Amino acid sequence: MQVKLLLLGQAESGKSTLQKQFQLFYAPTSLEEERDSWRAVVYFNVVRNIKRILQALDALDLGPANARPSASTADLSTDAAMDVSADGDGDGKAIIDGGEGGLPILSSSAKTELATLKLQLSPLLTAEASLADRLSGGVEVGSLAKRRGGGVYVRTGWQTTMTVTGKKRRHNSDDPAEKQQGDENGSDPVQDELDKIARMLFACKEDVKQLWAHPVVRSLIEKRKLRLQESAEFFLNSIDRVTESAYKPSMDDILRSRLQTMGIATHEFMVQVSGKSILWHLYDVGGARGQRHTWVPYFDDANAIIFLAPVSAFDQYLEEDPKMNRINDSLQLFTVICSNELLKKVHLVLFLNKTDVLKQKLDAGVAVKRYIPSYGDRANTYETVIEYFRTHFLQVHRKNNEEHRVLYTHQTSVVDTSTTQSVIRNVRDSIFRGYLQEASLV
């Protein structure tokens, strides 16, 4: 008995994080074995966000960014698509964006402080490029993909290229003789590079903290003019821990680390359900528009799909199409999945994901109707907003549900391990019941 489970959704919807949660739940040893390889990814996430802050500061002298072109919904293929406005940014990359209030006027002392910090942090820009090349394994992607992923797209098995082979990390020892002996016995290029970057980060950590706490940076973030990765605050607030000489990524670090998936990543788990041992094949796919055609060959014998829709993305737009609101893109993609003839009988689960980020945005006063005018004068509260989005996804399902299958819907934040693993148990049980019913066993 086997189950084939697909994780589908647009780029940055949380598919890879959910895959890691499945791995943590059903194959924790395998994730533990990968732990050291994630050190490079954490370092990359840290230096990439620092680079974006520095780039945003450069743009301050350029004045406000040009306004985005107005969005049109005339070309939307689903009736459930919502009327959207084209204010906002793309996929979360750092920009100097429009918004409430003007750009900060810098005093001469602030300019001097920031110029000094930029100079002192400039070595990290080289580290970012080095880590990007190492992680991608030399994979060449187009200029658009590079902008979306910060230059990093990884394929299945990338962890093996970032694993230190055969010995402990030398910087854990303060004994010069031991370090010299290690050098004489041969060096590991991955370890050497990561140790060099670790020392660089340690040397720069006070400057990183000063930059992150600088009033100009805080002002840009609070006014939503500086957009960083969702994990930026988590990692930059943890800079002391991350730059420790014996640093090893925690499971939270691994779950919050961001890499773009290239192609299809396959994972296998043995799952115990009602005393039965079932082999689950989980497929984590790339969600960028240019990669979605690779999904089709996996539809033919799929048993179940978890579709992830990032509901926090109501104020974001596709990098590939700056007129396309990411909520509308999710709705269109969900329509394609629900209407595909090969998937009509597949068990379907919908994750309205990133509810934690949605709550943060609403608490900060970000108005949904500014980006989705059809939201109208509804209350800008979490309960009202999440129900509004849920209704639109349910509408898509109802219009494409000739087989009368049940749509299982969950409000999720897949970086939260305790709640996500509870949801995984519920999903496992519902998929297993559906599997048995399909096989006419119950």
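All figures in this text were calculated on a predicted structure; none of them were measured in a lab.

Reading guide: rules and limits
- Residues numbered from 1 in each chain as written.
- Predicted model: local features only at pLDDT ≥ 70, side-chain atom pairs only at ≥ 80, totals over all residues.
- Heavy atoms only, no water.
- Pairing = 2+ DSSP bridges.
- Helix = DSSP H or I, 4+ residues; strand = E, 2+ residues; numbered from the N terminus.
- Axes fitted to C-alpha atoms, helices over the stretch in contact; angles between N-to-C directions.
- Contact = heavy atoms within 4.5 Å.
- Parallel < 35°, antiparallel > 145°, perpendicular 65-115°, else oblique.
- Nonpolar A, V, L, I, M, F, W, Y, C, P; charged D, E, K, R; others polar.
- Phe/Tyr/Trp six-rings, centres within 6.5 Å; stacked < 30°, edge-to-face > 60°.
- Buried < 20%, exposed > 50% of the residue type's maximum accessible area, 1.4 Å probe, protein only.
- Lys NZ or Arg CZ within 6 Å of the ring centre and 35° of its normal.
- Core = buried A, V, L, I, M, F, W, Y, C linked by side-chain atoms within 4.5 Å.
- Salt bridge = Lys/Arg side-chain N within 4 Å of Asp/Glu carboxyl O.
- Expected span 1.5 Å × (residues − 1).
- Bend = angle between axes of the 7 residues up to and from the residue.

Chemist: Would you take a moment to explain the sheet that holds strand S6 (residues 304-310) for this structure?
Modeler: Within a sheet, each strand pairs with its neighbour through backbone hydrogen bonds, oriented either parallel or antiparallel. Here we have six strands laid out as an open sheet, ordered S4-S5-S1-S6-S7-S8, and mixed in their pairing. With partners counted over all chains shown, the strands left at the sheet margins are strand S4 (264-273) and strand S8 (407-411), one partner each. Averaged over neighbouring strand pairs, the angle between their axes works out to 20° when direction is ignored. Bridge count for strand S7 (residues 347-353) against S8 is five bridges, and the pairing is parallel. Residue pairing in the sheet places Leu350 in a bridge with Thr409 of S8. On the sheet, helix H1 (residues 15-26) packs against strand S1 (2-8), S4, strand S5 (276-285), S6 and S7 and is oriented at approximately 155° with respect to S5.

Chemist: Sorry if this is basic, but what is going on with the packing of helix H4 (residues 108-121) against helix H5 (residues 123-136) here?
Modeler: When two helices pack together, their arrangement is captured by the angle between the axes and the distance separating the axes. The interhelical angle for the contact between H4 and H5, taken along N-to-C directions, is 45°, at an axis separation of 4 Å. Compared by their axis directions, H4 and H5 come out oblique. Residues Leu119, Gln120 and Leu121 of H4 form the contact with H5, whose participating residues are Pro123, Leu124 and Leu125. Partitioning the contact of H4 with H5 into residue classes produces five nonpolar, one polar and no charged.

Chemist: Can you walk me through the packing of aromatic side chains in this structure?
Modeler: Centre distance and the angle of the planes are the two values used to describe a pair of aromatic rings. For the structure on display, the rule yields 12 aromatic pairs. Taking the centre distance of 6.5 Å and the plane angle of 25° together, the rings of Phe22 and Phe269 count as stacked. Of this pair, Phe22 sits in helix H1 while Phe269 is found in strand S4, placing the two residues 247 residues apart along the sequence. For the residue pair Phe22 and Phe269, the accessibility class agrees, reading buried in each case. Relative to Phe389, the ring of Tyr388 has its centre 5.9 Å away and its plane inclined at 55°; by these criteria the two rings are tilted. Here Tyr388 falls in the buried class, since its relative accessible area comes to 8%. The positively charged end of Lys4 is found above the aromatic ring belonging to Tyr283, 5.3 Å away from the centroid.

Chemist: Hey, could you run me through the nonpolar core in this one?
Modeler: One recurring pattern in soluble globular proteins is that nonpolar side chains are buried together. In this structure, Tyr43, Val46, Ile50, Ile53, Leu57, Leu124 and Leu211 are the most contacted members of the largest nonpolar core, which totals 50 residues. The element best represented in this core is helix H3 (residues 38-59), accounting for 13 residues. Once residues lying within four places of it in the same chain are set aside, the contact partners of Val46 are Leu201, Phe235, Leu236, Ile239 and Val242. Counting 41 residues, the second-largest nonpolar core is a separate cluster that includes Ala309, Leu352, Leu362 and Val366.

Chemist: In this structure, what is going on with the pattern of salt bridges? I would like to understand it.
Modeler: When the charged atoms of two side chains with opposite charge come close together, those side chains can pair. Inspection of every chain in the model, using the stated rule, returns 15 salt bridges. One salt bridge in this structure joins Asp240 and Lys205, with 3.5 Å as the shortest N-O distance. Pair noted here: Asp240 is in helix H12 (residues 239-242) and Lys205 is in helix H9 (residues 189-213), with a separation of 35 residues, a long-range link. With a shortest N-O distance of 3.3 Å, Lys209 and Glu206 are connected by a salt bridge. Of this pair, Lys209 and Glu206 are both found in helix H9, three residues apart, which corresponds to roughly one turn of the helix. Of the residues examined, Lys209 reaches a relative accessible area of 29% and is grouped as partly exposed. The structure contains a network of salt bridges with shared partners spanning Lys205, Glu206, Lys209 and Asp240.

Chemist: Would you explain the environment of Ser312 in this entry?
Modeler: Position of Ser312 among the secondary structure elements: in the loop between S6 and helix H14 (326-339). Those residues within four positions of Ser312 in sequence are excluded, and the remaining contacts are Glu230, Asn353, Lys354, Val357, Leu358 and Lys361.

Chemist: What should I look at first to understand the pairing of S5 in this one?
Modeler: In regular strands, side chains alternate between the two faces of the sheet. Burial of S5 is extensive: eight of the 10 residues sit out of reach of the surface. Note: S1 against S5, six bridges, orientation parallel. Along S5, the bridge assignment pairs Leu5 with Leu282. Of the strand pairs in this sheet, S4 and S5 are connected by 10 bridges, and their pairing is antiparallel. If you follow Ala265 over to S5, its bridge partner there is Asp284. Two successive antiparallel strands, S4 and S5, enclose a turn made up of two residues, where Ser274 displays a positive phi of approximately 50°.

Chemist: What exactly am I supposed to notice about H9 here?
Modeler: If you check H9, its first and last C-alpha atoms are 34 Å apart, about what 25 residues at 1.5 Å a residue would give, namely 36 Å. The sharpest bend along H9 measures roughly 55° and falls at Cys204.

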